[in-house]
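# A closer look at the structure
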Amino acid sequence: MDIQVIRRRVGSWDGGLFIVLFAAALTRLAWVGLYQLKWDEVRILTDSLRLARYGEWTWLSNATSWGGLPGHSPFSVYVLSIPYVLTADPRVPRLLVAVMGVAAVGILYVMTKRYFGRGAALIAGLLFATAPTAIEWSSYVWNPNLAQPFIALWALTGLIGYYEGRRWAQIAHWPMLSLAVQAHPGNGLLLPLSGLLLVVGWFRGDRRKLVLHTALSGLVVLLTLIPWIIGVAKAGLSDSGDDLAFEEVQRTFSYIRTTFSTLVSSTEFWTYFRGDGWWPSLKTDKILWVKTWLTLAGVVWLLWEGWRSKWKGFPGVFLALLTLIPLIGFWVSPIDVVDFYLMALMFGAFPVQGIVLAKLAASRRGAWIPVGAAVVVFVGLQSWLVLGAWHWMKTEGTQEAFRAPLVVHLDLMDEWSARAEHIVVLTETLEGKYGATEQTGLWQVVGEAEGIQVVNMPQGIPIDPDGEVLASTYGGTMIPQLFGEGERAGELSNGQPMFRWVYIPPQFTPPLNFIPESSARFDNGAKILGLETLDKPQAGKPWKIILYWQPEKTDIAKQYQFSVRVVD
């Protein structure tokens, strides 16, 4: 290879991008199993799992609180079904979300560098790569979390397409907006900015081609929306949903200011995780508030510079408006908007921070020293918050059995599967916000790779002739009634065990007096002891089941009828 070619390639290598991507990967990929498996995550993973492994198609994702809208776009299900083709491990879909978060950081870097230089891109990229809220939104599966790379691509293609006049970017811009909205409808707040970009392109470029490319882009958008349209048409619009969604919402200036600062500066992040000595002092917030005021000052400055320099300053105006427009939408919205609806403003705020700090560093000789020190302090404090949150989740955060880190449940599955091939989990206690429903979904998602059987109590307990592990929450009564104390597994932050389990050996035959107090009884005193099957069921053929029952207060000479339901 020619030496000049090598020099050009080495010279074009962007060390700043590598540093930023490394920091983003380190913070997003390191602990994909640390966050708890949340209910919304369970529902999306369940649909993705069924699609990938059993071909159960869906046209809607989990339900929304947006009035009559019956459900979110199925886009998230389609994306997250891809890793399930390879493995049933729920950490792998999380890994995909984390990779998408890393990609968003990289795209933000590229956009900032393209219009404001490497220095601004490096600062913005490092601040965003270590931002605790952005890291949290890259750490578990949730519809809004998938929006990050598409918001970043929406911004980049908007500037390249309508400010620079590139055809491919004009075609790609609107589908990126569509996918961001399909991840969460709150990103519809970006629509006015797309309209502004269209106006800019109208005055700066070939109008005939702009109309043609935008129309083609609209056709692509329509194609991306087809599954969601089918889902809404099938389900039908109704009055279901959150009845409080469209009530008058009171938002004080203080609340809006705090929400904005939490997103762009990670202030108030300690309210989510209260840790021990790992947690930084609350003085951290006072230091990080500097970033908030820096952002607001940068927004004003970029708007002024854009006004002075006309078209040359438009990228700065766009980023300033990207920081402000979602916030204004938050202020005037008739529905209750929360922080993750405003994810998009982070993709304006962090570049603004990088631009301002880079400008200050270049303002005079030696200014880069205090600016560099400030960046190190900001990145260090944000990283400290992230480490504190991780430490809290590993130590003090396990307060309920189904609010534990995902790895806790996966480790239990490994422990139980080492004892027996067949695992039965009883969901007999109401724990967590959604009770037994939440438990069932969690165990089905976690146990897919191990082939566990989830039994919603009260029902008969299946006993595998080859032996099995029978498990339940520690507060469950069936195992201690039938098998004694058994083994304990997992530990809550207060020291109480999380689960109870017992190993049932092969060819186990329970005695006829093997009857728990909670066993099903009939009004006449008869009690079901158990069921026995002599062979496996076959389609279209009778299946012989032996029912063991005990009359207590009845005349056994009489005829009795029992209705038995066998649940697979």
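Located above this text is the structure these notes cover.
In what follows, the accompanying structure is described.

## A few points about the overall build of the protein
For the protein, the helix and strand inventory stands at 19 helices and seven strands. Looking at the protein residue by residue over its 568 residues, the buried ones come to 49%. Contacts in the protein between residues far apart in sequence, at least 24 positions, make up 72% of those at least 6 positions apart.

## Considering the packing of aromatic side chains
Any two aromatic rings considered together are summarised by their centre-to-centre distance and by the angle between their planes. Scanning all chains against the criterion turns up 23 aromatic pairs. With centroids separated by 6.4 Å and ring planes inclined at 55 degrees, the aromatic side chains of Trp31 and Trp390 adopt a geometry described as tilted. Taken as a pair, Trp31 in the loop between helix H2 (15-29) and helix H3 (39-54) and Trp390 in helix H16 (residues 368-395) lie far apart in primary sequence, 359 residues in all. Seen from their ring centres, Tyr115 and Tyr163 are 6.2 Å apart, and the 65 degrees between their planes marks the pair as edge-to-face. With a gap of 48 residues between them, Tyr115 in helix H5 (residues 91-116) and Tyr163 in helix H8 (residues 148-163) connect regions that are remote in the sequence. With a relative accessible area of 18%, Tyr115 lands in the buried category. Among the aromatic residues, those joined into a cluster by ring pairs are Tyr35, Tyr140, Trp142, Phe340 and Tyr341.

## Brief notes about the nonpolar core
Within the largest apolar cluster, 135 residues are counted, with the highest numbers of intra-cluster contacts made by Trp154, Phe318, Phe347, Trp416, Trp443 and Phe499. At 11 residues, H16 tops the list of elements feeding residues into this core. Dropping the residues within four chain positions of it, Phe499 is found in contact with Ala401, Phe402, His409, Leu412, Trp416, Trp443, Ser472, Thr473, Tyr474, Glu487, Arg488 and Ala489.

## Things to note about a negative patch on the surface
Taken together, the side chains of Asp411, Asp414, Glu415 and Glu487 present a region of like negative charge at the surface. The biggest single contributor to the negative patch is helix H17 (residues 406-419), with three residues. With respect to the element layout, Glu415 can be found in helix H17.

## Section: the packing of H3 against helix H4 (residues 75-84)
Orientation of H3 relative to H4, taken along the N-to-C sense of each, is 60 degrees, at an axis distance of 8 Å. It follows that H3 is oblique to H4 by the angle criterion. Of the two elements, H3 crosses H4, and the hand of that crossing is right-handed. The residues of H4 that touch H3, namely those facing Ile44, Leu45, Asp47, Ser48, Leu49, Leu51, Ala52 and Arg53, are Ser76, Val77, Tyr78, Leu80, Ser81 and Tyr84.

## Some remarks on empty space enclosed by the protein
A complete count under the given rule lists two cavities of 30 Å³ or more for this structure. Considering only enclosed or pocket space, the largest cavity measures out at about 40 Å³ in volume. Considering the residues around the largest cavity, the lining is formed by Thr27, Arg28, Trp31, Val32, Tyr35, Ser139 and Trp390. For the lining of the largest cavity, a count of residues per class yields four nonpolar, two polar and one charged. A volume near 30 Å³ is recorded for the second largest cavity. If you go around the second largest cavity, the residues you meet are Tyr35, Pro132, Ile135, Glu136, Phe269, Val386, Ala389 and Trp390. In terms of residue class, the lining of the second largest cavity is made up of seven nonpolar, no polar and one charged.

## Section: the environment of Asn187
Mapped onto the elements, Asn187 comes out in the loop between helix H9 (167-183) and helix H10 (191-204). C-alpha of Asn187 to C-alpha of Pro144: the two residues are 43 residues apart in sequence and 9.0 Å apart in space. Among all residues touching Asn187, those that are not within four sequence positions of it are Ala147, Ile151, Leu177, Ala180, Val181, Tyr341 and Ala344.

## Topic: the sheet that holds strand E5 (residues 497-504)
Sheet strands associate in pairs through backbone hydrogen bonding, adopting either a parallel or an antiparallel arrangement. In spatial order, the strands read E2-E1-E3-E5-E4; together these five strands make up an open sheet with mixed pairing. Among the strands making up the open sheet, the edge pair consists of strand E2 (453-456) and strand E4 (487-491). Across the sheet, the mean angle separating the axes of adjacent strands is 25 degrees when strand polarity is ignored. Inspection of the sheet shows E4 paired to E5 by four bridges, in the antiparallel sense. Bridge pairing in E5 places Glu491 opposite Pro497.

## Looking at the pairing of E5
Consecutive side chains along a regular strand alternate between the two faces of the sheet. Burial analysis of E5 places seven of its eight residues in the buried class, which makes it a mostly covered element. Where strand E3 (residues 468-473) meets E5, six bridges bridge the pair, whose relative direction is antiparallel. Paired with Ala471 across the strands is Trp501, a residue of E5. Counting the residues in the hairpin turn of E4 and E5 gives five residues, including Gly495, whose phi is positive at 90 degrees.

## Side note on the pattern of salt bridges
Enumeration according to the criterion identifies nine salt bridges in this entry. A salt bridge links Glu41 to Arg94; the nearest nitrogen and oxygen atoms lie 2.7 Å apart. Of this pair, Glu41 sits in helix H3 while Arg94 sits in helix H5; the two residues are 53 residues apart in sequence, bridging distant segments of the chain. Each of the two residues, Glu41 as well as Arg94, counts as buried. In this structure, Glu485 and Arg488 form a salt bridge, with 4.0 Å as the shortest nitrogen-oxygen distance. One connected set of salt bridges, linked through shared partners, spans Glu485, Arg488 and Arg500.

## Quick look at the packing of H9 against H10
Closest axis-to-axis distance for the H9/H10 pair is 11 Å, and the angle between their directions is 175 degrees. Taken as axis vectors, H9 and H10 run roughly antiparallel relative to one another. Of the residues in H10, those touching H9 at His173, Trp174 and Leu177 are Leu191, Ser194, Gly195, Leu197 and Leu198. Looking at the contact of H9 with H10 residue by residue, the classes come out as five nonpolar, three polar and no charged.

## Focus: unusual backbone geometry
Positive phi, close to 65 degrees, is recorded for Ser266, a residue that is not glycine. Mapped onto the elements, Ser266 comes out in the loop between helix H12 (253-265) and helix H13 (283-309). Relative accessible area serves as the criterion here: at 1%, Ser266 is assigned to the buried category. Unlike most non-glycine residues, Glu268 shows phi in positive territory, near 65 degrees. With respect to the element layout, Glu268 can be found in the loop between H12 and H13.

Rules and cut-offs
Residues numbered from 1 in each chain as written. Predicted model: local features only at pLDDT ≥ 70, side-chain atom pairs only at ≥ 80, totals over all residues. Heavy atoms only, no water. Helix = DSSP H or I, 4+ residues; strand = E, 2+ residues; numbered from the N terminus. Buried < 20%, exposed > 50% of the residue type's maximum accessible area, 1.4 Å probe, protein only. Contact = heavy atoms within 4.5 Å. Phe/Tyr/Trp six-rings, centres within 6.5 Å; stacked < 30°, edge-to-face > 60°. Core = buried A, V, L, I, M, F, W, Y, C linked by side-chain atoms within 4.5 Å. Patch = residues over 30% accessible without salt bridge, like charges linked within 9 Å, V, L, I, M, F, W, Y side chains within 5 Å. Areas by Shrake-Rupley, 256 points an atom, 1.4 Å probe, with all protein chains shown as cover. Salt bridge = Lys/Arg side-chain N within 4 Å of Asp/Glu carboxyl O. Lys, Arg positive; Asp, Glu negative; His and termini not counted. Charge placed at Lys NZ, Arg CZ, Asp CG, Glu CD. Axes fitted to C-alpha atoms, helices over the stretch in contact; angles between N-to-C directions. Parallel < 35°, antiparallel > 145°, perpendicular 65-115°, else oblique. Left-handed = near helix turned anticlockwise from the far one by under 90°. 1 Å grid on protein atoms, 1.4 Å probe; cavity = no way out; pocket = protein on both sides within 12 Å on 5 of 7 lines; lining within 4 Å. Points joined across faces, edges and corners; volume = space filled by probe spheres on them. Nonpolar A, V, L, I, M, F, W, Y, C, P; charged D, E, K, R; others polar. Pairing = 2+ DSSP bridges.

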